[in-house]
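What the coordinates show
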Amino acid sequence: MSPRPSNAQTPADGQESVWDYPRPPRVEKSTERIRITLGGVVIADSVDAVRVLETSHPPVYYLPRADFADGALSPAPGSSFCEFKGSAKYVTVRGGDVVAAGAGWFYPSPTAGFDELRDRVAVYPGAMDACTVAGETVTPQEGDFYGGWITSRVVGPFKGAPGTLGW
């Protein structure tokens, strides 16, 4: 992990700095209402999410697979590996007439310490019409690999922008 950058923002009351998040990451429950819209329809609605918090990254929200609409998720090619969470598989996300290939992922057998991710799916918010946390529309984390959800609750700077790969 790189040291806290000199331009790290100081959180105000009720905010969190991603530079105070741990490494290895922490998984914590969230009872905030999470809604995901694609193709003009709500494809997921949950108050049973977990968020993964990792140094320099905005939170990634994982929702129970059962909280996605029928037919919204189907297997997609590809996989990736996280040194902490294990091997991820990808899903294509469908809503209305829109198909977002490989826009979600899950850990079928997460490593010890990340068991809460089992049977949960995360999506890239930039590939959706909208993702909301407690009614606030999120801003997607920059870059094409990380899937963080930026709300007014978190301050950065965030990994993913050009020049941040080594963080």
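Keep in mind that what you see is a predicted model, and the values were worked out from it rather than measured.

Next up on the list: the pattern of salt bridges. A full pass over the atoms with the stated rule returns 12 salt bridges. A salt bridge links R153 to E32, with the shortest nitrogen-to-oxygen separation between them at 2.8 Å. Note that R153 is positioned in the loop between β14 (149–150) and β15 (154–155) and E32 in the loop between β2 (26–30) and β3 (34–38), a separation of 121 residues in sequence. Relative accessible area serves as the criterion here: at 23%, R153 is assigned to the partly exposed category. Judged by relative accessible area, E32 falls into the partly exposed class, the value being 23%. One network of salt bridges, in which partners are shared, links E16, R26, E28, E32, R51 and R153.

Another point: the packing of aromatic side chains. We describe a pair of aromatic rings using the distance from one ring centre to the other and the angle between the two ring planes. All told, the structure shown has five aromatic pairs when counted by the stated rule. Between the aromatic rings of Y62 and Y107, the centroid separation amounts to 6.4 Å while the plane-to-plane angle is 45 degrees, which identifies the pairing as tilted. Placement of the pair is Y62 in strand β6 (residues 60–64) and Y107 in the loop between β9 (98–106) and β10 (120–123), with a sequence separation of 45 residues. You can call Y107 buried: its relative accessible area is 5%. With a centroid separation of 4.7 Å and an interplanar angle of 45 degrees, the aromatic rings of W105 and Y124 are classed as tilted. Residue W105 is located in strand β9, and its partner Y124 is located in the loop between β10 and β11 (130–133); the two are separated by 19 residues in the primary sequence. Looking at W105, the relative accessible area reads 7%, which means it is buried. Y124 gets classed as buried once you look at its relative accessible area, which sits at 16%. Here the aromatic residues Y62, W105, Y107 and Y124 are joined through ring pairs into a cluster of three or more.

What counts, and at which threshold
Here the residue index of a chain counts from 1 through its sequence in written order. Whole-chain, interface and lining totals are the exception, using all residues; otherwise, since this is a predicted model, local features are given only for residues with pLDDT of at least 70 and side-chain atom pairs are given and counted only at 80 or more. In computing side-chain properties, one takes all heavy atoms of the structure into account and sets aside hydrogens as well as water. Any Lys or Arg side-chain nitrogen located within 4 Å of an Asp or Glu carboxyl oxygen qualifies as a salt bridge. A run of H or I in DSSP counts as a helix once it spans at least four residues, and a run of E counts as a strand once it spans at least two, with each numbered from the N terminus. When accessible area is computed with a 1.4 Å probe and restricted to protein chains, residues below 20% of their type maximum are described as buried, those above 50% as exposed, and intermediate ones as partly exposed. Stacked, tilted and edge-to-face are the three classes applied to pairs of Phe, Tyr and Trp rings, where Trp contributes its six-membered ring and a pair requires centres within 6.5 Å; stacked means planes under 30 degrees apart, edge-to-face means over 60, and tilted covers the rest.

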